[in-house]
Amino acid sequence: GAIRTQHKVLVAYRRADGTTSERTIRPLCLTFMAPLWMLSAWCELRDAFRNFRIDRILELSVLEATFEDEPGRTLVDLFTHLRT
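The structure displayed is predicted, hence computed values, not measured ones.

## A look at empty space enclosed by the protein
(1) Moving on: Enumeration over the complete set of coordinates arrives at 1 cavity of 30 Å³ or more.
(2) Moving on: The volume enclosed by the largest cavity comes to roughly 30 Å³.
(3) Moving on: Taken together, the residues of the lining of the largest cavity break down into 2 nonpolar, 1 polar and 5 charged.

## Some thoughts on the environment of L30
(1) Moving on: Looking at the element boundaries, L30 is found in strand β2 (residues 20-33).
(2) Moving on: C-alpha separation for the pair L30 and R53, spaced 23 residues apart in sequence, amounts to 9.8 Å.
(3) Moving on: Not counting residues within four places of it along the chain, the set of residues in contact with L30 comprises I3, W37, M38, L39 and I54.

## Side note on the pattern of salt bridges
(1) Moving on: Scanning the model with the defined rule gives 7 salt bridges in all.
(2) Moving on: Note that R26 and E70 form a salt bridge whose closest N and O atoms lie 3.0 Å from each other. With a gap of 44 residues between them, R26 in strand β2 and E70 in the loop between β5 (57-66) and α2 (75-83) connect regions that are remote in the sequence.
(3) Moving on: Accessibility expressed as a relative area gives 8% for R26, which makes it buried.
(4) Moving on: Residue E70 pairs with R73 through a salt bridge whose shortest N-O separation is 3.6 Å.
(5) Moving on: Among the ionic contacts, a cluster of salt bridges with common partners joins K8, R26, E44, D47, E70 and R73.

## So, the pairing of β2
(1) Moving on: Pairing of strand β1 (residues 7-14) with β2 involves 6 bridges; the strand directions are antiparallel. Across the sheet, the residue bridging to L10 is T24, located in β2.
(2) Moving on: The pairing of β2 with strand β3 (residues 36-43) spans 8 bridges and is classified as antiparallel. Counted as the bridge partner of R26 is W42 from β3.
(3) Moving on: Linking β2 to β3, which pair antiparallel, is a turn of 2 residues.

## Topic: the pairing of β1
(1) Moving on: Strand direction decides the pairing type here: β1 and β5, joined by 6 bridges, are antiparallel. Opposite Y13, over in β5, you have I57 as the bridge partner.

Quick notes on the rules
Residues numbered from 1 in each chain as written. Predicted model: local features only at pLDDT ≥ 70, side-chain atom pairs only at ≥ 80, totals over all residues. Heavy atoms only, no water. 1 Å grid on protein atoms, 1.4 Å probe; cavity = no way out; pocket = protein on both sides within 12 Å on 5 of 7 lines; lining within 4 Å. Points joined across faces, edges and corners; volume = space filled by probe spheres on them. Nonpolar A, V, L, I, M, F, W, Y, C, P; charged D, E, K, R; others polar. Helix = DSSP H or I, 4+ residues; strand = E, 2+ residues; numbered from the N terminus. Contact = heavy atoms within 4.5 Å. Salt bridge = Lys/Arg side-chain N within 4 Å of Asp/Glu carboxyl O. Buried < 20%, exposed > 50% of the residue type's maximum accessible area, 1.4 Å probe, protein only. Pairing = 2+ DSSP bridges.

Printed below as a string of structure tokens:
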């Protein structure tokens, strides 16, 4: 729902090394990369695209804040970034 309504999301995430971080993200799409689901987003902490494994998200809160498409931070930009 947050992808469709362009609501920012706060996630608590466990990285591969076991450390946790909290990030505000702009969710762009969900993808299935067997056997994993991934959430691709613009990460406001890193100021860059990031992919988050759904099974490593410890908590997720949809925020009241919304976001608008901005050049360099859209789903189309993500796909362009992945091709380069």
